Amino acid sequence: MTPSTHPLFWRHSSLPYVELRLVLDGRQVTYAPHSHQQWSVGAILAGQSEFLCADRLHYVEQGALVVMNPDQVHACNPRQGSPWAYYMMHLDKHWLADLLLQTGVRPQDLWCDTQSNTLRETSLFDGFVAMAGYLMSPRHKVDEKEQRLKTYLIGLFLQLDKHNQTTDDLLPTNPLYQVAAYLNEHCNEDRAIDSISAEFGYSAGYLVRSFKRLFHMTPHAYRLNRRVQLGQQALKQGEAISAVAQTTGFSDQSHFQRVFKQRVAATPDQYRRSVSEQDQDAARCK
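The model shown is predicted, which means the values in this text are computed figures rather than measured ones.

Draft legend 1. Representation of the overall build of the protein in the model. In terms of regular secondary structure, the protein is built from 10 helices and eight strands. The buried share among the 286 residues of the protein stands at 46%. Considering only contacts within the protein whose residues lie at least 6 apart along the sequence, 69% involve residues at least 24 apart. Carbon and sulfur atoms make up 49% of the accessible area of the protein, which amounts to about 14500 Å² in all.

Draft legend 2. Structural detail: the nonpolar core. Core analysis: the biggest nonpolar cluster contains 34 residues, and W39, M89, L96, F128, L149 and L156 have the highest contact counts within it. If you list the elements that add at least two residues to this core, you get strand 2 (18-23), strand 3 (39-53), strand 5 (65-68), strand 7 (84-91), helix 1 (93-102), helix 2 (122-136) and helix 3 (142-160).

Draft legend 3. Spatial organisation of the pattern of salt bridges. As enumerated under the stated definition, the model contains eight salt bridges in all. A salt bridge links R11 to E19, with the shortest nitrogen-to-oxygen separation between them at 2.7 Å. A residue is classified by how much of its surface remains accessible, and R11, at 12% relative accessible area, is buried. Among the residues examined, E19 registers a relative accessible area of 4% and is labelled buried. For D190, the salt bridge goes to R227, with nearest N and O atoms at 2.8 Å. Residue D190 is found in the loop between helix 4 (176-185) and helix 5 (193-199), and its partner R227 is found in helix 7 (residues 219-236); the two are separated by 37 residues along the sequence. Among the residues examined, D190 registers a relative accessible area of 58% and is labelled exposed. Judged by relative accessible area, R227 falls into the buried class, the value being 2%. Each of the salt bridges in this network shares a partner with another, and the network as a whole consists of R11, E19 and K236.

Draft legend 4. View of the side chain of R263. Of note, R263 is situated in helix 9 (residues 253-264). D71 provides the closest opposite charge to the buried, unpaired R263, separated from it by 12 Å. Ignoring anything within four residues of it in the chain, the contact list for R263 reads Y31, H34, A221, L224, N225 and V228.

Draft legend 5. Molecular detail of the confidence of the model for the protein. Mean pLDDT for the protein: 88, with 90% of residues reaching 70 or above. Low pLDDT (under 50) marks residues 279-286, which in the prediction has one contact with non-local residues, meaning those over four places away or in another chain.

Draft legend 6. Fine view of the environment of R227. For the pair R227 and N188, spaced 39 residues apart in sequence, the C-alpha separation works out to 6.7 Å. Excluding its chain neighbours within four sequence positions, the residues that come into contact with R227 are C187, N188, E189, D190, T248, G249 and F250.

Draft legend 7. Just empty space enclosed by the protein, in detail. Considering all chains together, one arrives at three cavities of 30 Å³ or more under this definition. Its boundaries defined by the atoms lining it, the largest cavity holds a volume of some 160 Å³. Around the largest cavity sit 18 residues that line it, and Y31, M68, C76, Y86 and M88 are the ones nearest its centre. Those elements that provide at least two residues to the lining of the largest cavity are strand 3, strand 5, strand 6 (74-78) and strand 7. With five residues, the single largest contributor to the lining of the largest cavity is strand 7. Tallied by class, residues from the lining of the largest cavity come to 12 nonpolar, five polar and one charged.

Draft legend 8. Just the packing of aromatic side chains, in detail. What the rule picks out here adds up to 17 aromatic pairs. Look at Y17 and W95: their rings are 3.9 Å apart centre to centre, the planes differ by 5°, and that puts the pair in the stacked class. Taken together, the residues span a long stretch of sequence, with Y17 in the loop between strand 1 (8-10) and strand 2 and W95 in helix 1 at a distance of 78 residues. In terms of burial, Y17 and W95 fall into one category: buried. Put simply, the rings of F9, F250, F256, F260 and Y271 touch in pairs and so form one group of aromatic residues.

Draft legend 9. Seen up close, the environment of G26. With respect to the secondary-structure elements, G26 resides in the loop between strand 2 and strand 3. Taking the relative accessible area as the measure of exposure, G26 reaches 0% and is therefore buried. Discounting chain neighbours no more than four positions away, the residues touching G26 are P78 and W84.

Draft legend 10. Region of interest: the packing of helix 4 against helix 7. Axis separation between helix 4 and helix 7 bottoms out at 9 Å; the angle between their running directions is 45°. With respect to helix 7, the axis of helix 4 lies oblique. Viewed along their axes, helix 4 and helix 7 form a crossing whose handedness is right-handed. Seen from helix 4, the contacting residues are A180, L183 and N184; seen from helix 7, they are P219, Y222, R223 and R226. Residue classes in the contact of helix 4 with helix 7 are distributed as four nonpolar, one polar and two charged.

Thresholds, definitions, all that
Residues numbered from 1 in each chain as written. Predicted model: local features only at pLDDT ≥ 70, side-chain atom pairs only at ≥ 80, totals over all residues. Heavy atoms only, no water. Helix = DSSP H or I, 4+ residues; strand = E, 2+ residues; numbered from the N terminus. Buried < 20%, exposed > 50% of the residue type's maximum accessible area, 1.4 Å probe, protein only. Contact = heavy atoms within 4.5 Å. Areas by Shrake-Rupley, 256 points an atom, 1.4 Å probe, with all protein chains shown as cover. Core = buried A, V, L, I, M, F, W, Y, C linked by side-chain atoms within 4.5 Å. Salt bridge = Lys/Arg side-chain N within 4 Å of Asp/Glu carboxyl O. Lys, Arg positive; Asp, Glu negative; His and termini not counted. pLDDT = per-residue confidence, 0-100. 1 Å grid on protein atoms, 1.4 Å probe; cavity = no way out; pocket = protein on both sides within 12 Å on 5 of 7 lines; lining within 4 Å. Points joined across faces, edges and corners; volume = space filled by probe spheres on them. Nonpolar A, V, L, I, M, F, W, Y, C, P; charged D, E, K, R; others polar. Phe/Tyr/Trp six-rings, centres within 6.5 Å; stacked < 30°, edge-to-face > 60°. Axes fitted to C-alpha atoms, helices over the stretch in contact; angles between N-to-C directions. Parallel < 35°, antiparallel > 145°, perpendicular 65-115°, else oblique. Left-handed = near helix turned anticlockwise from the far one by under 90°.

Quick look at the structure:
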């Protein structure tokens, strides 16, 4: 039986655009600032936390939903002495944009960020918890789970989009996004930040300070975060941890494990085994 301190992950090979995590006892969980490529929504099941999202700090507690846009740096850590339990769901933004277009919620299939970081609507919270429990239950068929997920997301976005800003409020693109794109593409390389700074015409000190103001993490931390994202993808495919550590640019397996746990709140082995256990459960249900 999985200890309550270990996160539980749900995925299904027929629904590759969604991943769900349940943490029942997260009192010892600490997250370094990190980001995901997917759009994410979570439900606080117990306890209180300080939720940092971009440059906004929120107090959240049981009954709240938290929302993170793709590539938006965030961290959510429990207050000292507080219980801490939550669901967290990650959704592919392209699949989600297409769903919202096909159901008439949005007029285009290009992804548009949501504006709210927190929601305290009881019906939306209760609906999310019920939907998440439905997905994790082995009693339901995958097509039923998919329909339950879609139905909830349509209702959620009808509410979220009431608060969306217009494109008139968007800021012009910051040239530091070019540096971020380089770090994403070359994340498995250990090129010195001084050298990267010079290539883009910055001093190292200026780049680190400016990059941290924009992305809320240093260039080095941003590169590590991208390596972890690639590591998660490889672990889902069943690749060996040692091989993943090497191909994603970490100096050794222990370094990979340490950085991975800081950002995922699970060891690479816990994360990978959750996939195989689900495959076994799916096979038993056939």
